[in-house]
Amino acid sequence: MVTEHPAVSRFREYLRIKTVQPNPDYDSSTAFLLREAKEIGVSSRILTYVPGKPIVLLTWEGRDPKLPAILLNSHTDVVPVFEDKWICDPFEAKKLENGDIVARGAQDMKCVGTSYLEAIRNLKAKGKQPLRTIHLSFVPDEEIGGVDGMAKFVKSQDFRDLNIGFALDEGLANPSDALKVFYGERAPWWIIVTTKGNTGHGSQFIQDTAVSKLNKIINRFLEFRASQERQLEISVHPDGRKYNLGDVSSVNLTILQAGIQHNVIPLEAKAGFDIRVSPNFDLLRFKQIIEEFVYTEPGAELEYVQYHGDNSVTTIDDSNIWWVAFRDLCQKRNISIETEIFPAATDSRYIREIGIPALGVSYIKNTPVLLHDHNERLNEKIYLEGLEFYTDLLGVLGDVGATQ
Ligand SMILES: CSCC[C@H](NC(C)=O)C(=O)O
Ligand SMILES: [Zn+2]
Ligand SMILES: [Zn+2]
């Protein structure tokens with residue numbers, strides 16, 4: 001019988017914990033992380049800003065704790081599953097014959113959280129201690145917006161006391177052999193547009209109805225959407241690279257509500273849009289455009305259900321010592337990297353918003369993107385390869401600024 005690498009067994013154990021929204025078992029994930037901290041030999045704290053939503057903070061103190069520290073962030077929650085669409089129980093962490101570990105959270109992002117832990121375990125086993133302190137935050141509720149997780153954490157005195165200089169967070173899988181590195185994100189704005197109008201009998205040509213007003217607004221949003229889709233198709237960066245999704249802004253009509261009966265003209269109509277504003281767009285200008293789309297119709301209302309007022313990016317050039325350390329390590333390990341704007345939202349946005357540079361990286365190469373999808377999986381060989389990468393990476397980042 002082939003014995004399993006203990007790091008893989010620990011990863012699978014973490015995957016079996018049902019931290020699935022909307023009722024994540026944070027007690028069990030906390031117990032797992034505290035046990036890991038004890039075994040590895042790093043200190044641990046539980047920070048609670050909202051009851052039942054623990055942030056587990058592990059700390060490996062550096063040789064010079066006064067220097068700005070490194071934050072390795074991961075979220076502990078995972079998204080729900082459509083169980084009947086899976087080839088096995090999504091919380092069994094079954095390993096297939098080819099080594100694929102099938103489980104919710106295998107990519108998003110329990111693999112990253114345990115990789116940080118394994119890297120520290122490896123470095124400690126080699127007798128290393130970093131120059132800079134390394135903190136690991138395991139935060140709740142990223143999958144539902146992070147309001148009771150990272151958003152509260154970054155605003156706390158506890159966070160300020162950590163003196164973070166640089167952070168790592170999640171990225172995305174890549175079907176090709178390159179490693180995706182995200183240096184910014186599009187700002188998520190979820191809006192509800194409400195229109196009101198005349199009612200009457202469904203057989204008549206009633207004027208200025210809620211639906212006709214909403215229709216005009218929707219068309220303006222959809223025209224904008226088409227223009228951005230076109231930009232995505234035709235635009236290239238100055239260096240010749242094609243645009244990615246993160247380089248344009250997107251608009252999707254995701255909610256439509258109106259009507260109570262077929263023969264009654266609705267008094268009110270609502271449309272919900274999922275909007276993602278690219279860092280290539282000025283946020284205030286974007287807001288003006290949206291407001292023009294809506295307020296051109298008399299009496300139309302606009303509500304922001306989700307609004308992030310920042311889409312600043314982390315600089316990726318020689319002026320950023322963290323980026324240089326990251327890039328040089330990838331070069332040394334012959335890893336090609338693709339730098340991009342993350343198309344959706346992660347907890348990194350809260351970190352960048354307060355001016356801390358952050359990169360989003362998940363070492364999941366040669367793997368289909370299956371986050372939030374059925375049969376999410378990660379092959380154990382790629383996971384183990386990632387552990388070597390993270391071990392080297394933490395060694396390098398922890399020593400940024402050290403004299404050789
Ligand atoms: C605005 S909070 C929602 C966060 C979610 N993140 C991912 C990665 O799917 C999203 O972008 O929809
Ligand atoms: Zn995630
Ligand atoms: Zn997710």
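Each value, and the rule that gives it
- Residues numbered from 1 in each chain as written.
- Chains lettered and ligands numbered in written order.
- Predicted model: local features only at pLDDT ≥ 70, side-chain atom pairs only at ≥ 80, totals over all residues.
- Heavy atoms only, no water.
- Buried < 20%, exposed > 50% of the residue type's maximum accessible area, 1.4 Å probe, protein only.
- Helix = DSSP H or I, 4+ residues; strand = E, 2+ residues; numbered from the N terminus.
- Pairing = 2+ DSSP bridges.
- UniProt positions renumbered as here; feature names shortened; annotations may be inferred.
- Donors = N, O, S within 2.8 Å, 3.2 Å for Na, K, Ca; no water.
- Tetrahedral: all angles 85-135°; square planar, octahedral: opposite > 155°, others 65-115°.
- Salt bridge = Lys/Arg side-chain N within 4 Å of Asp/Glu carboxyl O.
- Contact = heavy atoms within 4.5 Å.
- Axes fitted to C-alpha atoms, helices over the stretch in contact; angles between N-to-C directions.
- Expected span 1.5 Å × (residues − 1).
- Domains from an automatic or database assignment.
- Buried area = accessible area lost by both parts, 1.4 Å probe.
- Polar contact = N/O pair within 3.5 Å; in protein donor to acceptor, adjacent residues only side chain to side chain.
- Core = buried A, V, L, I, M, F, W, Y, C linked by side-chain atoms within 4.5 Å.

Peer 1: What is the right way to read the pairing of strand S3 (residues 69–75) from this model?
Peer 2: The side chains of a regular strand alternate between the sheet's two faces. The element S3 is extensively covered by neighbouring structure, given that 7 of its 7 residues are classed as buried. Side chains Ala69, Leu71, Asn73 and His75 project from S3 onto one buried face, and the interleaved Ile70, Leu72 and Ser74 project onto a second face that is buried too. Where S3 lies against strand S7 (residues 164–169), 4 bridges are found, and the strand directions are parallel. Counted as the bridge partner of Ala69 is Ile164 from S7. As judged from the 6 bridges shared by S3 and strand S6 (residues 134–139), these two strands associate in the parallel manner. Paired with Leu71 across the two strands is His135, which belongs to S6.

Peer 1: What should I look at first to understand the UniProt feature "domain: Peptidase M20 dimerisation" (unreviewed entry) in the protein in this one?
Peer 2: Here, UniProt's "domain: Peptidase M20 dimerisation" (unreviewed entry) annotation points to residues 184–297. Regarding residues 184–297, the helix share stands at 33% and the strand share at 27%, and the terminal C-alpha atoms are separated by 34 Å.

Peer 1: Sorry, what's going on with the coordination of the zinc ion (ligand 3) here?
Peer 2: Geometrically, a metal with four donors at the corners of a regular tetrahedron has ideal angles of 109.5 degrees, and one with six donors at the corners of a regular octahedron has ideal angles of 90 or 180 degrees. Coordination of the zinc ion (ligand 3) by the protein is provided by Asp108 (OD), Glu143 (OE), Glu143 (OE) and His372 (NE2), with metal-donor distances spanning 2.0 to 2.5 Å. In primary sequence terms, the donor set of the zinc ion (ligand 3) follows D-x34-E-x228-H. Here the zinc ion (ligand 3) and the zinc ion (ligand 2) are spaced 3.3 Å apart, and both take Asp108 as a donor. Of this pair, Asp108 sits in the loop between strand S5 (100–102) and helix H3 (110–125) while Glu143 sits in the loop between S6 and helix H4 (150–154), and the two are 35 residues apart along the sequence.

Peer 1: Before we go on, may I ask you to explain the coordination of the zinc ion (ligand 2) in this structure?
Peer 2: Bound to the zinc ion (ligand 2) on the protein side are His75 (NE2), Asp108 (OD), Glu170 (OE) and Glu170 (OE), at distances that span 1.9 to 2.6 Å. Each of the 4 donor atoms around the zinc ion (ligand 2) contributes to a set of angles spanning 55 to 149 degrees, which defines the coordination as irregular. The buried category is assigned to Glu170, whose relative accessible area is 4%.

Peer 1: How do you make sense of the pattern of salt bridges when you look at a structure like this?
Peer 2: Where charged atoms of side chains with opposite charge meet at close range, the side chains can pair. Inspection of every chain in the model, using the stated rule, returns 32 salt bridges. Where Glu39 meets Arg35, a salt bridge forms, and the shortest distance between an N and an O atom there is 3.6 Å. Highlighted residues: Glu39 and Arg35, both in helix H2 (residues 26–40), separated by 4 residues, approximately one helical turn. Taking the shortest distance from any N to any O, the salt bridge between Glu118 and Arg121 comes out at 3.6 Å. Remark: Arg121 and Glu118 occur in helix H3; sequence separation between them is 3 residues, near one turn of the helix. By the burial criterion, Glu118 is buried, and Arg121 matches it. Connected via shared salt-bridge partners are Arg10, Glu13, Arg35, Glu36, Glu39, Glu118 and Arg121.

Peer 1: What is the right way to read the sheet that holds S5 from this model?
Peer 2: Within a beta sheet, neighbouring strands are joined by backbone hydrogen bonds and run either parallel or antiparallel to one another. Strand order in the open sheet formed by 3 strands is S4-S5-S15, and the pairing between neighbours is antiparallel. The outermost strands of the open sheet, each flanked by one partner alone, are strand S4 (94–95) and strand S15 (377–379). Taken together, the 3 bridges between S5 and S15 define a ladder with antiparallel strand orientation. Bridged to Ile101 within S15 is Leu378. Packed onto the sheet, helix H1 (residues 6–15) meets S4, S5 and S15 and runs at close to 20 degrees relative to S5.

Peer 1: It is not clear to me how the pairing of S6 should be interpreted in this structure. Could you clarify?
Peer 2: Among the 6 residues that make up S6, 6 are buried, leaving the element largely enclosed by the rest of the structure. Neither face of S6 is open: one carries Ile134, Leu136 and Phe138, the other His135, Ser137 and Val139, and all of them are buried.

Peer 1: I would appreciate a short explanation of the sheet that holds strand S12 (residues 301–307) in the present structure.
Peer 2: A sheet is described by the order of its strands in space; here 4 strands give the open sequence S10-S11-S9-S12, paired in antiparallel fashion. Strands at the two margins of the open sheet, each flanked by one partner only, are strand S10 (250–258) and S12. The sheet shows a mean angle of 20 degrees between the axes of neighbouring strands, direction not considered. Relative to S12, strand S9 (residues 187–196) runs antiparallel, the two being bridged by 6 bridges. Within S12, the position partnered with Val193 by the bridge is Leu302. This element, helix H7 (residues 283–295), spans S9, strand S11 (268–277) and S12 of the sheet and lies at about 145 degrees to S12.

Peer 1: Please explain H2 as it appears in this structure.
Peer 2: Because the α-helix completes a turn every 3.6 residues, residues three or four places apart line up on one side. With 15 residues, H2 ought to run about 21 Å at 1.5 Å a step, and its terminal C-alpha atoms sit 21 Å apart, in line with that. Contact partners of the buried residues in H2: H1, strand S1 (43–48), strand S2 (54–60), H3 and S6. Count one or two residues on from H2 and you reach Gly41, which has phi positive near 95 degrees.

Peer 1: I would appreciate a short explanation of the domain arrangement of the protein in the present structure.
Peer 2: Interface size is often expressed as the accessible area that is lost when the parts come together. Parsing the protein into structural domains produces domain 1 (6–185 + 311–398) and domain 2 (187–307). A separation of 34 Å is found between the C-alpha centroids of domain 1 and domain 2. Counting residues at the interface gives 10 residues for domain 1 and 14 residues for domain 2. Counting the surface domain 1 buries against domain 2, the share from its top three residues, Asn311, Ile341 and Pro343, is 55%. The interface formed by domain 1 and domain 2 holds 0 salt bridges in total. On inspection of domain 1 and its partner domain 2, the count reaches 2 residue pairs in polar contact (both at pLDDT 80 or more).

Peer 1: Mind showing me how you'd approach the nonpolar core here?
Peer 2: Soluble, globular proteins show a tendency: their nonpolar side chains are buried together. With 59 residues, the main nonpolar core has Leu136, Leu168, Phe326, Leu359, Phe389, Tyr390 and Leu397 as its most contacted residues. The leading source of residues in this core is helix H10 (residues 380–398), at 8 residues. The contact partners of Leu136, leaving out residues within four places of it in the chain, are Val56, Leu57, Leu58, Leu72, Tyr116, Leu117 and Ile120. Residues Ile191, Leu214, Ala269 and Ile275 belong to the second largest nonpolar core, which totals 24 residues.

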